[in-house]
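One letter stands for each residue in the lines below.
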Amino acid sequence: MLRFVLSRLVQSLVALAILSVVVFVLARTTGDPLHLILPMSATEEDYAHARRYLGLDRPYVEQYLSFAGKAITGDFGTSIRARRPVSELIRERLPNSLRLATFAMGVTILVAFPLGVLAAVNKGTAIDRAAQVVAVLGQSLPTFWVAIVLVEFVAGRLQWLPAGGVDGFSSYVLPGLTLGWFVVAGLMRLLRSGMLEVLDSEYVKLARVKGVIEPRVVWVHALKNALIPVVTFAAIYFSILVTTAIVVETVFAWPGLGRLAYEGISSRDFPVIQAVVLTTAALVAVVNLSVDCLYALIDPRIRYVR
Amino acid sequence: MKLSVKIATLMVLALLSGPASAQSKTELTVALSSFSTEVLDPVLGGHIVKYYLSLMFDYLVGTTPDGQPSKEGGIATRWEASADHKRWTFHLRKGVKFHTGEELTSEDVKFSLQRAISKRSTTGYAGPLRTLIADIETPAPDRVVIVTKDPTLIIPTYLSRSLSTEGMVLPKKYIEANGDDAFARKPVGSGPFRFVEQVTGSHIKLAAVDNHWRIGTPRFKTVTFKLVPEEATRIAILRRGEADVADVSRERVKELEGEGFPIHVRREEAILHMWFVLDQDGWPAPMKDRRVREALNLAVNRAEIAQAIFAGKADPASIPMGLSWSFRDIGFKVTPEMAYAHDPARARKLLADAGHPNGFALDVYAFQLPGLPEGKAFAEAVAGYWQKIGVKAKLIPVDYPAFRKLWVDRKAPGAVGYYNIANRDWIGTYAILEKQAYGPSKANDTVNDVEIDGMIAQITRQTDKDKISSLMRNIFTRLRSEHYGVPVVYLHSPYAASKTLGKWNPGSVMYDLFFDELASGKK
């Protein structure tokens with residue numbers, strides 16, 4: 001087991017190292033951040049000064065080695081746009097993203113579990129069809145559109161909930177619902193198909209024959225076994241929610257990691273781009289590693305693959 | 001289940017409580033689509049966020065909302081130049097204190113200016129000031145003398161609120177004791193509002209000092225700037241009473257006016273100007289030909305663009321690089337003859353005369369910009385007009401930094417780009433013109449004209465304001481007569497306000513919105 005974990009850890013570190021080179025190079029191919037932070041009236045001398053001061057005049061290899069060496073210690077340099085340590089910006093933004101993703105995942109589980117189970121138990125009925133509609137809408141309606149409708153209608157017109165910003169529990173509701181609905185669809189369908197398979201298995205039939213009451217058969221015996229792929233899916237989706245909520249964070253003025261990434265990219269803020277990409281990649285790697293370990297614990301055969 | 005009960009309870013409570021009540025008038029909340037650099041230190045690209053920095057800091061030279069120098073609005077109550085215009089003496093207001101309680105003296109002014117032209121600085125005019133300033137003397141705590149290498153007229157304006165942030169006075173002792181980085185996180189100034197907190201990507205909060213010489217006892221105890229990138233969200237929080245001011249797009253003005261929200265407009269906040277990318281030798285063909293440049297101008301229906309793309313919140317422009325807030329300073333008048341007619345027939349004839357009866361290929365880079373969400377639609381419209389006169393205009397969608405790189409690397413000669421250049425006074429305009437004049441080693445040039453280069457060089461050495469004005473007028477006249485670029489429209493920027501906000505003049509000073517005037521307790 002230890003060998004398996006170490007092997008996956010090494011793979012993750014190699015992936016991060018390769019990614020650090022890729023993001024370093026790509027970030028520098030599309031523009032110069034000084035063109036955005038210096039005014040139109042800035043002179044060549046101003047550019048030279050700023051480039052020298054920010055260390056952007058050094059050879060790329062030297063810049064990369066300096067960046068990589070510091071990144072290992074958690075120092076991602078200073079933001080070119082905001083002129084603050086990038087690690088500080090990440091520390092400010094990451095918790096907001098984690099909290100929102102947790103809320104969205106909570107909403108997802110609260111909605112997807114009952115819906116998925118009820119749809120499976122009532123296969124082919126109106127309940128099943130209604131659940132399918134929820135799933136199809138969640139996956140087909142663009143997140144941006146859902147977010148705007150909620151902002152315009154629920155926050156702007158009905159004035160039930162805040163439209164944006166992080167300000168207490170109520171501010172989580174609209175962005176959490178928007179983010180969560182998309183995941184509800186996937187989770188619900190996965191749970192429904194898992195439940196259908198399990199409900200048809202021999203041990204469930206045996207439980208019924210032995211006289212176990214139906215709710216216990218469904219919610220305890222069947223659900224427990226249908227959960228394994230669902231948990232994996234939810235874990236991976238959690239990391240995706242943390243790292244890719246740019247649209248939701250933008251619409252709901254949510255100061256999270258996604259918006260930081262967007263701001264970094266649009267202002268060619270190399271240190272921020274590099275830090276956000278590596279942080280999110282590390283997060284995904286940790287989640288994947290955890291899921292791999294979980295699988296390995298559940299199914300010992302996985303440990304001996306390769 | 002507990003969570004779902006909590007959500008349900010919350011929604012019921014929200015329903016019962018109804019719309020959020022209008023905010024107390026002691027708090028001013030401003031929702032903006034962008035904070036740009038989001039910095040708190042004036043020398044770190046602060047020129048673009050003057051609208052909040054100017055609440056925290058005082059300028060050496062004050063400026064009225066309509067851009068005129070003000071002896072009441074700055075630390076200097078008067079200033080004078082020596083006969084040779086190489087020594088500028090500023091007499092400082094007495095009794096001004098920083099938010100730490102320290103008194104502001106000439107040492108602070110000297111320190112601030114030295115810091116503004118230091119290597120750390122990325123302010124707009126650090127370069128020219130580095131070249132110009134020879135020494136800074138502090139003969140008395142209330143007197144500072146700036147000694148220049150060459151005679152100049154422009155020192156007071158460079159250090160005023162009308163331009164960038166070099167004139168902001170910072171606390172020497174605080175910065176020396178705590179360091180630059182600490183100051184950049186927790187700035188201390190002497191302005192009517194002190195810094196409270198910043199959450200990057202979210203908001204900046206300021207609190208009023210009790211009584212300030214600029215605004216007396218302020219109307220608002222706090223001012224909070226909220227970063228809300230999405231317009232629907234800004235409007236929703238305005239409707240909910242959670243914001244008092246929000247920048248809105250031109251197309252939603254009518255709807256908001258219909259709902260009773262007052263709209264405050266910064267007229268001619270920017271000129272939307274298109275230019276031709278030069279190559280290493282200057283003008284690339286076919287832009288070298290004046291007739292081609294004129295044809296491209298005549299093809300564009302500016303009135304239609306102003307109405308259809310900018311919802312009527314724009315006016316046709318006719319002077320290339322014609323930053324109109326400078327016109328008042330130099331006495332330049334735009335005559336009716338200078339306006340470009342929309343004349344496709346004449347445009348086609350000019351192209352034929354220039355040897356392009358079947359047009360020519362033209363790359364038009366299309367991008368959005370801060371304050372210009374209509375960017376791509378605008379580029380499409382202009383490309384459409386040019387196609388109608390036979391020019392094979394090809395739209396290339398990019399983001400601005402990518403275009404800018406091509407432009408300054410001279411990798412797109414003859415192509416067309418554009419920018420919503422923030423309007424500014426004559427010195428700011430002069431700096432832009434100087435920057436855009438051609439030079440083989442210069443990156444940001446857009447105009448290649450020996451005559452204009454000569455006039456720009458004369459202005460640098462000139463100390464007679466009338467002569468400077470005359471030279472500036474001649475530059476604009478030549479820019480227009482030679483059709484150096486395609487000036488399209490002047491953009492007006494609307495701000496929706498809460499119904500209780502009251503009178504507010506956002507002024508006509510670059511990157512400033514004069515919220516201190518709004519907060520002023522002075523009659």
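Residues numbered from 1 in each chain as written. Chains lettered and ligands numbered in written order. Predicted model: local features only at pLDDT ≥ 70, side-chain atom pairs only at ≥ 80, totals over all residues. Heavy atoms only, no water.

So, the overall build of chain A
Along its length, chain A carries 13 helices and 0 strands. From first element to last, N terminus to C terminus, chain A shows the α and β order α-α-α-α-α-α-α-α-α-α-α-α-α. For the C-alpha atoms alone, the extent of chain A along its principal axes is close to 85 × 60 × 30 Å. The 306 residues of chain A split such that 50% are buried. Restricting the contact set of chain A to residue pairs at least 6 apart, pairs at least 24 apart contribute 75%. Accessible surface, chain A: about 14,200 Å² in total, of which carbon and sulfur atoms supply 69%. (Helix = DSSP H or I, 4+ residues; strand = E, 2+ residues; numbered from the N terminus. Buried < 20%, exposed > 50% of the residue type's maximum accessible area, 1.4 Å probe, protein only. Contact = heavy atoms within 4.5 Å. Areas by Shrake-Rupley, 256 points an atom, 1.4 Å probe, with all protein chains shown as cover.)

Notes on the sheet that holds strand β5 (residues 87-92) of chain B
Residues and elements named next belong to chain B. Judged by pairing direction, the sheet is antiparallel, and its 4 strands sit side by side in the order β4-β5-β7-β6 without closing on themselves. What marks the edges here is a single partner per strand, and that holds for β4 (76-81) and β6 (133-140). When strand polarity is set aside, the average angle formed by the axes of neighbouring strands in this sheet is 20 degrees. For β4 and β5, the ladder comprises 5 bridges, and the chain directions are antiparallel. Paired with W79 across the two strands is F90, which belongs to β5. Seen against the sheet, helix α3 (residues 106-116) touches β5, β6 and β7 (143-148) and runs at an angle of roughly 165 degrees to β6. (Pairing = 2+ DSSP bridges. Axes fitted to C-alpha atoms, helices over the stretch in contact; angles between N-to-C directions.)

Structural notes on the nonpolar core
Membership of the largest hydrophobic core comes to 158 residues, with the highest contact counts inside it found for F90, F225, M274, W386, Y418 and F515 of chain B. Per-element accounting of this core gives the leading share, 7 residues, to strand β17 (residues 486-497) of chain B. For F225 of chain B, the contacting residues outside a window of four places in its chain are V30, L32, F35, Y51, Y52, L55, S202, H203, I204, L206 and F515 of chain B. One finds A185, V204, F252 and L278 of chain A within the second-largest nonpolar core, a separate group that totals 77 residues. (Core = buried A, V, L, I, M, F, W, Y, C linked by side-chain atoms within 4.5 Å.)

Quick word on unusual backbone geometry
In most cases, non-glycine residues show a negative phi, while peptide bonds are predominantly trans. All names here are of chain B. Of the consecutive residues A285 and P286, the connecting peptide bond is found in the cis state with omega at 0 degrees. One non-glycine residue, E268, lies in positive phi territory at about 55 degrees. One can find E268 in strand β12 (residues 263-276). Although it is not a glycine, M321 sits at a positive phi angle of roughly 55 degrees. Turning to its location among the elements, M321 is positioned in the loop between β13 (314-316) and α12 (327-330). Note on M321: relative accessible area 1%, which makes it buried.

Side note on the interface of chain B and chain A
Counting residues at the interface gives 68 residues for chain B and 56 residues for chain A. Summed over both sides, the interface of chain B with chain A buries roughly 5,200 Å², with 59% coming from carbon and sulfur. Of all residues in chain B, the largest losses of buried area upon contact with chain A belong to T200, R240 and K435 of chain B, amounting jointly to 11% of the total for that side. Where chain B touches chain A, the interface holds 13 residue pairs in polar contact (both at pLDDT 80 or more). Elements represented by at least two residues in the side of chain B that touches chain A include exactly α1 (2-17), α4 (126-132), β8 (193-199), α8 (231-239), α15 (400-408), β16 (416-422) and α16 (426-436) of chain B. (Buried area = accessible area lost by both parts, 1.4 Å probe. Polar contact = N/O pair within 3.5 Å; in protein donor to acceptor, adjacent residues only side chain to side chain.)

Things to note about the domain arrangement of chain B
Residues and elements named next belong to chain B. Split by domain assignment, chain B resolves into domain 1 (34-189) and domain 2 (267-492). At the interface, 13 residues of domain 1 touch 13 residues of domain 2. Between domain 1 and domain 2, a total of about 940 Å² is buried, with carbon and sulfur atoms accounting for 63% of that surface. The three residues of domain 1 that bury the most area against domain 2 are Y125, L153 and I154, which together make up 41% of that side's buried surface. On the surface where domain 1 and domain 2 come into contact, there are 0 salt bridges. For the pair domain 1 and domain 2, the number of links is 2 residue pairs in polar contact (both at pLDDT 80 or more). Its residues placed into classes, the side of domain 1 that touches domain 2 shows 6 nonpolar, 6 polar and 1 charged. (Domains from an automatic or database assignment. Salt bridge = Lys/Arg side-chain N within 4 Å of Asp/Glu carboxyl O. Nonpolar A, V, L, I, M, F, W, Y, C, P; charged D, E, K, R; others polar.)

Quick word on the pattern of salt bridges
Counted according to the given criterion, the structure contains 47 salt bridges over all chains. E92 of chain A is the salt-bridge partner of R84 of chain A, the closest N and O atoms lying 2.8 Å from each other. Residue E92 of chain A is classed as partly exposed on the basis of its relative accessible area, which comes to 25%. One salt bridge connects R208 of chain A with E214 of chain A, and the closest N-O pair in it is separated by 2.8 Å. Classification of E214 of chain A by relative accessible area gives partly exposed; the value is 35%. Within the structure, one salt-bridge network assembled from shared partners comprises R290, R293, E294, R346, D449, E451, R478 and E482 of chain B.

Considerations on the packing of aromatic side chains
Taken as a whole, this structure holds 36 aromatic pairs over all chains when the rule is applied. With 5.3 Å between their ring centres and 80 degrees between their planes, F24 of chain A and Y64 of chain A make a pair best called edge-to-face. Of this pair, F24 of chain A sits in helix α1 (residues 2-27) while Y64 of chain A is found in helix α4 (residues 60-72), placing the two residues 40 residues apart along the sequence. Taking the relative accessible area as the measure of exposure, F24 of chain A reaches 5% and is therefore buried. Relative to F476 of chain B, the ring of F332 of chain B lies with its centre 5.4 Å away and its plane at 45 degrees, an arrangement referred to as tilted. Taken together, the residues F332 of chain B in the loop between α12 and α13 (344-353) and F476 of chain B in helix α18 (residues 465-481) connect sequence positions 144 residues apart. (Phe/Tyr/Trp six-rings, centres within 6.5 Å; stacked < 30°, edge-to-face > 60°.)

Considerations on the pairing of β17 of chain B
Residues and elements named next belong to chain B. Taken across its 12 residues, β17 has 12 buried, putting it largely inside the fold. As paired elements, strand β11 (residues 245-247) and β17 share 3 bridges and run antiparallel to each other. Paired with A246 across the strands is A496, a residue of β17. The sheet contact formed by β13 and β17 spans 3 bridges and is antiparallel. Pairing of A314 across the sheet is with L491, part of β17.

Points about the side chain of D425 of chain B
Checked against the element boundaries, D425 of chain B lands in the loop between β16 and α16. Here D425 of chain B is buried and forms no salt bridge, its nearest opposite-charge partner R328 of chain B lying at an N-O distance of 6.7 Å. (Lys, Arg positive; Asp, Glu negative; His and termini not counted.)

With respect to the packing of α1 of chain A against α4 of chain A
The relative placement of two packed helices is expressed as an angle between their axes plus a distance between the axes. Residues and elements named next belong to chain A. Remark: α1 packs on α4, axes separated minimally by 11 Å, with the N-to-C direction vectors making an angle of 135 degrees. Comparing the axis directions of α1 and α4 gives the class oblique. In this structure, α1 crosses over α4, and the sense of that crossing is right-handed. Side by side, α1 and α4 meet where A17, S20, V21 and F24 of the first sit next to Y60, Q63, Y64 and F67 of the second. (Parallel < 35°, antiparallel > 145°, perpendicular 65-115°, else oblique. Left-handed = near helix turned anticlockwise from the far one by under 90°.)

Remarks on the confidence of the model for chain B
Low pLDDT marks stretches whose predicted atomic positions should not be read closely. The predicted model of chain B averages 90 in pLDDT, with 94% of residues at 70 or higher. Low confidence marks residues 10-24 of chain B, where pLDDT is under 50. Its contacts with residues over four positions away, or in another chain, come to 19 contacts. (pLDDT = per-residue confidence, 0-100.)

Quick word on the side chain of R266 of chain B
Residue and element names in this part refer to chain B. By the secondary structure assignment, R266 is in strand β12. The exposure class of R266 is buried, given its relative accessible area of 1%. In terms of polar contacts, R266 uses its side chain to reach the backbone carbonyl oxygen of V509, at 3.1 Å.

Thoughts on a nonpolar patch on the surface
Residues V10, V14, I18, V22 and L26 of chain A make up a contiguous nonpolar surface patch of roughly 440 Å² in combined accessible area. Within the secondary structure layout, I18 of chain A lies in helix α1. (Patch = residues over 30% accessible without salt bridge, like charges linked within 9 Å, V, L, I, M, F, W, Y side chains within 5 Å.)

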